[in-house]
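Residue-level structural notes
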Amino acid sequence: MIRFENVTKTYKGTTVALRDCSVEIDKGEFVFLVGSSGSGKTTFIRLLLREEVPDSGRIWEAGKEIVHLPRWRIPYLRRNIGCVFQDFRLLPNKTVFENVAFALEVIGRPKHVISSQVPQVLDLVGLAKKRDNLPGELSGGEQQRVAIARAFVNRPLILLADEPTGNLDPRTSIGIMRLLDRINRTGTTVIIATHDAGMVDQMRRRVIELDHGVLVRDQARGVYGIDSAVAAAGGGSPTGLTVEPTPTGPVAVPDLEPRAVPGVATGS
Amino acid sequence: MPVSFGYVSREAATNLWRNRLMTVAGILTVAVSLALVGSALLLKQGAATATAQWQQGVNVIVWVAPGSASSQVSAIGQELGAVGYVERCTFRNQAYDFAESQRILPADLASEITQSDTPASYRCVLTNPSEATALDQQFSGKPGIVKVTYPSQQIRTMQSVIHVLQWAFLAVAVVLLLSASVLILNTIRMAIFARRREVSVMKLVGATNWFIRLPFMAEGLVQGLAGAALSVIVVLLLYWRLGLGTVQRASTSIFAQMHMGLAEVAGTCIFVAIVGVIVGVAGSALAVRRFLDV
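All residue numbers here refer to positions counted from 1 along the written sequence of the relevant chain. By the order in which they are written, chains take letters starting at A while ligands take numbers starting at 1. The model is predicted, so local features are restricted to residues of pLDDT at least 70 and side-chain atom pairs to those at 80 or more, both for listing and for counting; the totals for chains, interfaces and linings are taken over all residues. Working from all heavy atoms in the structure, the side-chain values ignore hydrogens and water.

1. Describing the overall build of chain A
The condition is simple: A run of H or I in DSSP becomes a helix once it reaches four residues, and a run of E becomes a strand once it reaches two; helices and strands are each numbered from the N terminus. Only heavy atoms matter for contacts: two residues are in contact if any of them lie within 4.5 Å across the pair. Values of accessible area rely on a 1.4 Å probe in the Shrake-Rupley scheme; residue burial ignores everything except the protein chains shown.
When helices and strands are counted, chain A shows eight helices and ten strands. By sequence separation, contacts in chain A at least 24 residues apart represent 69% of the contacts at least 6 residues apart. When the accessible surface of chain A is split by element, carbon and sulfur atoms take 50% of a total near 11,500 Å².

2. Let's talk about the overall build of chain B
We apply this condition: Only protein chains enter the area calculation, which uses a 1.4 Å probe; residues under 20% of their type maximum are buried, those over 50% are exposed, and those in between are partly exposed.
The helix and strand inventory of chain B stands at eleven helices and four strands. Counting all 294 residues of chain B, 42% fall into the buried class. In chain B, of all internal contacts separated by at least 6 residues, the share reaching a separation of at least 24 is 83%. Of the roughly 15,100 Å² of accessible surface on chain B, a fraction of 66% belongs to carbon and sulfur atoms.

3. A short note on the packing of aromatic side chains
As a reminder of what qualifies: Only the six-membered ring of Trp is used, alongside the rings of Phe and Tyr, when aromatic pairs are assigned; centres must lie within 6.5 Å, and planes under 30 degrees apart are stacked while those over 60 apart are edge-to-face, with the rest tilted. Here, over-ring charges are defined by two tests on the NZ atom of lysine or the CZ atom of arginine: distance to the ring centre within 6 Å, and angle to the ring normal within 35 degrees.
In the structure shown here, the tally under the stated rule is six aromatic pairs over all chains. Summarising the aromatic geometry, the rings of A:F30 and A:F32 are spaced 5.5 Å apart at their centres and angled 70° between planes, so their arrangement reads as edge-to-face. Here A:F30 and A:F32 have matching classes, each one buried. Ring plane angle 25° and centroid distance 4.2 Å describe the contact between B:Y7 and B:F211, whose orientation is recorded as stacked. With B:Y7 in helix α1 (residues 5-18) and B:F211 in helix α9 (residues 209-241), the pair connects residues that are 204 residues apart, well separated along the chain. Exposure class is identical for B:Y7 and B:F211. Each is buried. If you follow B:R20 out to its NZ or CZ, it ends over the ring of B:W17, 4.3 Å from the centre. Above the plane of the ring of B:Y96 lies B:R92, whose end atom (NZ or CZ) is 4.5 Å from the centre.

4. Thoughts on the nonpolar core
We apply this condition: We define a nonpolar core as any set of buried Ala, Val, Leu, Ile, Met, Phe, Trp, Tyr and Cys residues linked to one another through side-chain atoms lying within 4.5 Å.
Counting 78 residues, the largest nonpolar core has A:F32, A:V118 and A:L122 as its most contacted members. Counting residues per element, this core draws most heavily on helix α11 (residues 262-292) of chain B, which supplies nine residues. Setting aside its immediate chain neighbours within four residues, A:L122 contacts A:V96, A:F97, A:V100, A:L127, A:A128, A:R131 and A:A149. Counting residues in hydrophobic clusters, the runner-up holds 31 residues, among them A:I2, A:V31, A:I208 and A:L215.

5. Focus on the pattern of salt bridges
Opposite charge on two side chains permits pairing when their charged atoms draw close. All names here are of chain A. Here is the rule we go by: Take a side-chain nitrogen of Lys or Arg and a carboxyl oxygen of Asp or Glu: if they are within 4 Å of each other, that pair is a salt bridge.
Summed over the entire model, instances satisfying the criterion amount to 17 salt bridges over all chains. Close ionic contact of E5 with R3 constitutes a salt bridge, the shortest N to O distance being 3.1 Å. Under the relative-accessibility criterion, E5 is labelled partly exposed at 28%. Here R206 and D218 are joined by a salt bridge, their closest N and O atoms 2.7 Å apart. One end of the pair, R206, is in strand β9 (residues 206-211); the other, D218, is in strand β10 (residues 214-219), with twelve residues separating them in the sequence. We classify R206 as buried; its relative accessible area is 3%. Connected through shared salt-bridge partners, K9, R46, E51 and E52 make up one network.

6. Focus on the packing of helix α3 (residues 96-106) of chain A against helix α4 (residues 111-124) of chain A
Helices that pack against each other are described as a pair by the angle of their axes relative to one another and the distance between those axes. Residue and element names in this part refer to chain A. Here is the rule: Under this scheme, a helix contributes an axis fitted over its contacting stretch, all axes are lines through C-alpha atoms, and angles between N-to-C directions fall in the 0 to 180 degree range. These descriptions rest on fixed angle ranges, namely under 35 degrees for roughly parallel, over 145 for roughly antiparallel, 65 to 115 for roughly perpendicular, and the rest for oblique. Handedness of each helix crossing follows the sense of rotation of the near helix against the far helix: counterclockwise by less than a right angle gives left-handed, clockwise gives right-handed. In this count, Pro and Cys sit with the nonpolar residues alongside Ala, Val, Leu, Ile, Met, Phe, Trp and Tyr, while Asp, Glu, Lys and Arg are called charged and the others, Gly among them, polar.
Packing of α3 against α4 brings their axes to within 10 Å, and their N-to-C directions diverge by 125°. Taken together, the axis directions place α3 and α4 in an arrangement best described as oblique. Classified by chirality, the crossing of α4 by α3 is right-handed. In this structure, α3 uses V96, F97, V100, A101, L104 and E105 to contact α4, whose residues at the interface are I114, Q117, V118, P119, V121 and L122. Its residues assigned to classes, the contact of α3 with α4 comprises ten nonpolar, one polar and one charged.

7. With respect to a nonpolar patch on the surface
Residues and elements named next belong to chain B. Basically, it comes down to this: Patches in this entry comprise residues that are over 30% relatively accessible and not in a salt bridge; like charges within 9 Å are linked, as are nonpolar side chains (Val, Leu, Ile, Met, Phe, Trp, Tyr) within 5 Å.
Nonpolar side chains collect at one region of the surface, where V24, L28, L230, I233 and L237 lie side by side and expose about 440 Å² of accessible area between them. Of all elements in the fold, only α2 (20-56) and α9 reach the threshold of two or more residues within the nonpolar patch. When residues in the nonpolar patch are grouped by element, the largest group, three residues, is from α9. With respect to the element layout, L230 can be found in helix α9.

8. Some details on the interface of chain B and chain A
The line we're drawing: What counts as buried area is the accessible surface, traced by a 1.4 Å probe, that two parts surrender upon association, with contributions from both included. N or O atoms closer than or at 3.5 Å make up a polar contact, with two conditions inside protein: a donor-capable atom paired with an acceptor-capable one, and, for residues adjacent in sequence, both atoms drawn from side chains.
With 16 residues of chain B at the interface, the matching set in chain A holds 22 residues. Approximately 1,900 Å² of surface area, both sides summed, lies buried where chain B meets chain A, with 57% of it carried by carbon and sulfur atoms. Counting across the interface, chain B meets chain A through zero salt bridges. Summed over the shared surface of chain B and chain A, the result is two residue pairs in polar contact (both at pLDDT 80 or more). Those elements giving two or more residues to the side of chain B that touches chain A turn out to be α1 and α8 (196-204) of chain B. Here the side of chain B that touches chain A takes six residues from α8(B), the largest share from any one element. Here the side of chain B that touches chain A is built from residues that sort into nine nonpolar, two polar and five charged.

9. Brief notes about unusual backbone geometry
All names here are of chain A. Positive phi, normally seen in glycine, also occurs at N6, with a value near 50°. In this structure, N6 sits in strand β1 (residues 2-11). The backbone of H212 shows a phi angle near 50°, a positive value even though the residue is not glycine. Its place among the elements puts H212 in the loop between β9 and β10. The exposure class of H212 is exposed, given its relative accessible area of 58%.

10. Brief notes about the sheet that holds strand β5 (residues 64-65) of chain A
Residues and elements named next belong to chain A. Definition in use: Strands are labelled as partners when DSSP assigns at least two bridges between them.
Spatially, the four strands line up as an open sheet ordered β2-β1-β4-β5, and their pairing is antiparallel. Every other strand in the sheet has two partners, leaving β2 (15-25) and β5 as the edge strands with one partner each. Taken together, the two bridges between strand β4 (residues 56-61) and β5 define a ladder with antiparallel strand orientation. Bridging across to β5, W60 finds its partner in E65. Of the strands in this sheet, β1, β2 and β4 are in contact with helix α1 (residues 41-48), which crosses β1 at around 115°.

11. Notes on the sheet that holds strand β7 (residues 158-162) of chain A
Residue and element names in this part refer to chain A. Pairing in this open sheet of six strands is mixed, and the strands run β6-β7-β8-β3-β9-β10 from one edge to the other. Since the sheet does not close on itself, it has two edges, and those belong to β6 (81-85) and β10, each with one partner. When strand polarity is set aside, the average angle formed by the axes of neighbouring strands in this sheet is 15°. As judged from the five bridges shared by β6 and β7, these two strands associate in the parallel manner. Within the sheet, the bridge partner assigned to G82 lies in β7 and is L159. The sheet strands contacting helix α6 (residues 170-185) are β3 (30-34), β7 and β8 (189-193), and the helix crosses β8 at an angle near 150°.

Honestly, it's all geometry; don't read function into it.
Structure, rendered in structure tokens:
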């Protein structure tokens, strides 16, 4: 589904955002992308959206090599990718329904498709009753649900989320994660860049960790930090938000060699 | 992906209405700028026709004394016809000249003239206007001839003044056109800047560039057209108010010397309208471009 092959991206030739990164993500996977600020998570997402092109290396997405994709093909690539951001990016003067419908209108879907799909996806995110509200009248969590509905309404193959719970309180965040999990179960590949240690620990999904642009960990059922990863490896099973968030310092612990995950080419 | 006409017009209409103030600002910018451009062009054309008028008018008038015998009058005519550099001469009788004087002269003067006082005349066109002096010397003082009048140095001065004016008007028009384009571009860009969020969301969900661009261009088209329409009204008002449509009034005003047909005015208006449309559409396309580069 997604494959990075020795991808390097620098900004202005000096700041390294991603260094020789190789990783493979299969269809239907649920992946957390973790790392401190400036570790390259957002660059990873932007490369997938083809908002950036790497300095070197190749990226495959949904069977296509996207680094050399001609400009005019980019919109068609993006139709296979839904994305969600920390700041929601809703249009403030459109209602919930219109915001979601906008994503379909823009790609030229006929009216009858819009009027059947949008209520369906609003139902999925639990906002059927608020379809005529404006984003400003909703809570942060609800706004993020609208954003997820908009990202998912087109049934994309991949859903990217850049800090989707960054602006939300822990309780609301759980709801958002559950929703993303549900979407993942429909077969959509979900990639979440996050700082939310509790969430990562609770979900026990594949974790890819970046540190200063280098892929330092790729773990099948990982947790956010090193210590809890060790605990997990020792048999401990952190449950939910009770797990203490652990520091995410520089990682170079030898016994944390990335685990072999079937079908996943690990970094380094 | 085909972009439906319905979508583009609907989107453009809602956006124009939603950003009413910007729309009005855009239209007024186009209107004011193009009205100035149109006026400058009109005056330039006026200057051109005024020059043509003068050049056509470079003819010598030989005034025949009132009450001369008709044989003497025809003798003068034959003599004029015999001069080599005279291309042709037209005889105007007293009735014609009287009517003309009534039309040209200020009312108080005109009322004191009677038809019998008015001299008849030969209007002569010369092959070379510079021979006018020679003709004057040859015929002045002959029996039956009151006076020979012809365009003198003043006219040539006038011509060069008009020539300079023409270029000045053209330069003003070009400068105005440039500044109008920049103003319009800036106005449209501000309107688009206010909606960059929307554009970025459209890009994100996979809208093609044309899909994003076309409604903006349609808006530019509407603004350009509306602005051009207003400026055409201003140009037409100017045309009528300055009396540029009427032929040569007796006035020392330079505008009196300018006159032009409706065809020329229509040409100016069409030019202004086309410029308005181009500036609106191309301006929008240009202004939206930077927001499409994601």
